[in-house]
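Geometric and topological summary
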Amino acid sequence: MDAKLEALKDLASLSRDVTFAQEFINLDGISLLTQMVESGTERYQKLQKIMKPCFGDMLSFTLTAFVELMDHGIVSWDTFSVAFIKKIASFVNKSAIDISILQRSLAILESMVLNSHDLYQKVAQEITIGQLIPHLQGTDQEIQTYTIAVINALFLKAPDERRQVDVESNVDILDCPLTEMANILAQKQLRYIILTHVIRAQRAINNEMAHQLYVLQVLTFNLLEDRMMTKMDPQDQAQRDIIFELRRIAFDAESEPNNSSGSMEKRKSMYTRDYKKLGFINHVNPAMDFTQTPPGMLALDNMLYFAKHHQDAYIRIVLENSSREDKHECPFGRSSIELTKMLCEILKVGELPSETCNDFHPMFFTHDRSFEEFFCICIQLLNKTWKEMRATSEDFNKVMQVVKEQVMRALTTKPSSLDQFKSKLQNLSYTEILKIRQSERMNQEDFQSRPILELKEKIQPEILELIKQQRLNRLVEGTCFRKLNARRRQDKFWYCRLSPNHKVLHYGDLEESPQGEVPHDSLQDKLPVADIKAVVTGKDCPHMKEKGALKQNKEVLELAFSILYDSNCQLNFIAPDKHEYCIWTDGLNALLGKDMMSDLTRNDLDTLLSMEIKLRLLDLENIQIPDAPPPIPKEPSNYDFVYDCN
């Protein structure tokens, strides 16, 4: 048993190497591992009382080797049997199981779902949400991360018909099958568990957990896409009744005459007048206002939610604006439609989640109808900003731009609740936005006079040389790059740095993320700078031309670059963020004697040039600089004033 345990441990380590993996798979090694998992678990269960640590470690190393081998993308996931899936699912369903086995089992299930349509159905049938909930309620953040990743994967691969959601459903989430992922995401039970045991747990949220929460947030908001892209049917009486309800709540029309009293023309005229007060563009037939997608019917849903759940605020806004002059009226209907469209753009409703983003907002996990509540806060903000700007109908687009800036600035503070978000907006009035804009404008002042432009041209080469040295110094410090694949982000790293003499690139794999710089001696591989033929980025990179969902992701494409050297060899990179991408592409281009063309270089150049110009002009404060140089004076009549050195 000890020899077998050591062999499996070595296998788990060696499987990371693609050459070894290819040979092992060619010898039918994957089939051997699956047989060991299927048959070995019975032996593990029988002998766990006697030799539990030994068998637990063996199973853990077996699953680790399997995960590493499959990550190379050599073997198709469609080849695995239902028996193997049931075994992996049984590890997840056990109440008491080794953490390492549970972690790898969840990772395997996620990969199965992401990489095979057939396996999605089989996994969804084997796992229930009630079996995953205990893993979310635990204290191990890595297990929680893998659990949320499985939930995200199941929803990403769910067929369109499975994504229909009934937000009013009262079905117990523990009994809900995982094939009904949309209804699961809409349930308050799952939201409450994640909020309590993950977001508000007494520990920091790491990057991988933040990424999975961001994906869950995006998938939840994407449930709104169907309504966002649905046009209103002017002939649909049920949809028209919603508009009637908005009118009734605003103007208390319950006491209006029945159809038997009053002429049709009189009632039609009254409806047209009320629809105008409600701020619809089409007063005669407001249904026509909701034929644009986006925001489609989602805007009408938001308006009805606001009218029903915040009735006092709704009535106040409508009546307040209907009592103003027409040109100063803030049209509630038009504002709601444009605001819904803007909020969908901010939250990227309908877009696939990015593979690299971890920008989740805790406040959206604090309410069952977070998007609707978000709208209710913002529509009141819009009305408040309209009054502060003393806007007219001609200023509508300007008001929307200010509101968007207010919302974006409040979101960047990452408020923990919707109430806190509302408080942040209170401190971002129109006056405050003007102050912020003025301050930013002062800091980014651009001098356009001819003498200043000539001075800029003179000192620009010095600034570019300074930026070049900074880029090369950063390459000498080196960067830790994360290895990505089609399954999900993994905690696998490699490091690359430039030698102090700028002649050699040193790189190599790492077991874990380093705390500081990695010495040259510990990096196994070298690449002389003289051998570099070219640096390519984005779609031109060899590793971005391969097929796969990850490779098609726009965010990843923007972070990819490759070094091409002799014999059609390449060194492929995916930068951890846009800043490191700019640093490395600039530095490599500088090594090759090419121009640094990144956005970061342009920003640094503008900033440093502006600072240098301001420093040199300190003595000229309050002195007007002429646009043209002063005229050259006439030649003197004699040169007697010249001193004779002899």
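As a reminder, the structure under discussion sits directly above these lines.
The model shown is predicted, which means the values in this text are computed figures rather than measured ones.

**Here's the deal with helix H20 (residues 418-426)**
For H20, the full list of buried residues reads Leu418, Phe421 and Leu425. Down the axis of H20, the sector holding all buried residues measures 55°, keeping them to one side. Looking at the buried positions of H20, the neighbouring elements they touch are helix H18 (370-389) and helix H19 (396-412).

**Details of the pairing of strand S3 (residues 504-510)**
Counting buried residues in S3 gives 5 out of 7 residues, a clear majority hidden from the surface. Direction of pairing for strand S2 (residues 493-498) relative to S3: antiparallel, over a ladder of 6 bridges. Its bridge partner lying in S3, Cys496 is registered against Tyr507. Counting the residues that bridge the hairpin from S2 to S3 gives 5 residues, and of these His502 lies at a positive phi of roughly 65°.

**Quick word on the packing of H18 against H20**
Packing of H18 against H20 brings their axes to within 11 Å, and their N-to-C directions diverge by 15°. Considering their axes alone, H18 and H20 lie roughly parallel with respect to each other. In the packing of H18 onto H20, the handedness of the crossing is right-handed. Within the contact between the two elements, H18 uses Glu373, Phe374, Ile377, Cys378, Leu381 and Lys384 and H20 uses Leu418, Phe421, Lys422, Leu425 and Gln426. Taken together, the residues that form the contact of H18 with H20 break down as 7 nonpolar, 1 polar and 3 charged.

**Quick look at the side chain of Asp586**
If you trace the backbone, Asp586 turns up in helix H24 (residues 578-591). Classification of Asp586 as buried rests on a relative accessible area of 1%. If near-sequence neighbours (up to four positions away) are discounted, Asp586 is found in contact with Arg471, Met596, Met597, Ser598 and Thr601.

**Details of the sheet that holds strand S6 (residues 560-565)**
Here 3 strands make up an open sheet; going across it, the order is S5-S6-S7 and the pairing antiparallel. Each having just a single partner strand, strand S5 (532-537) and strand S7 (569-574) make up the two edges of the open sheet. Adjacent strand axes in the sheet meet at a mean angle of 20°, parallel and antiparallel pairs treated alike. With 5 bridges joining them, S5 and S6 adopt antiparallel strand pairing. What sits directly across from Val536, in S6, is Ser562. Docked against the sheet, H24 engages S5 and S6, running at close to 25° with respect to S6.

**What to know about the side chain of Arg191**
Relative to the helices and strands, Arg191 is located in helix H10 (residues 188-199). Residue class for Arg191 comes out buried when judged on its relative accessible area of 17%. In terms of polar contacts, Arg191 uses its side chain to reach the backbone carbonyl oxygen of Phe365, at 2.9 Å. Apart from the residues lying within four places of it in its own chain, the contact partners of Arg191 are Phe365, Thr366, His367 and Asp368.

**A closer look at helix H2 (residues 18-26)**
Among the residues making up H2, those that are buried are Ala21, Phe24 and Ile25. One side of H2 holds all its buried residues, which, seen down the axis, span an arc of 95°. Of the residues in H2, the exposed ones pointing more than 90 degrees away from the buried face are Thr19 and Asn26. Between the side-chain oxygen of the N-cap and the backbone nitrogen of Thr19 there are 3.1 Å, and the N-cap of H2 in question is Asp17. Of the residues one or two after H2, Asp28 is the one with positive phi, at around 65°.

Reading guide: rules and limits
- Residues numbered from 1 in each chain as written.
- Predicted model: local features only at pLDDT ≥ 70, side-chain atom pairs only at ≥ 80, totals over all residues.
- Heavy atoms only, no water.
- Buried < 20%, exposed > 50% of the residue type's maximum accessible area, 1.4 Å probe, protein only.
- Helix = DSSP H or I, 4+ residues; strand = E, 2+ residues; numbered from the N terminus.
- Arc of directions from axis to C-beta.
- Contact = heavy atoms within 4.5 Å.
- Pairing = 2+ DSSP bridges.
- Axes fitted to C-alpha atoms, helices over the stretch in contact; angles between N-to-C directions.
- Parallel < 35°, antiparallel > 145°, perpendicular 65-115°, else oblique.
- Left-handed = near helix turned anticlockwise from the far one by under 90°.
- Nonpolar A, V, L, I, M, F, W, Y, C, P; charged D, E, K, R; others polar.
- Polar contact = N/O pair within 3.5 Å; in protein donor to acceptor, adjacent residues only side chain to side chain.

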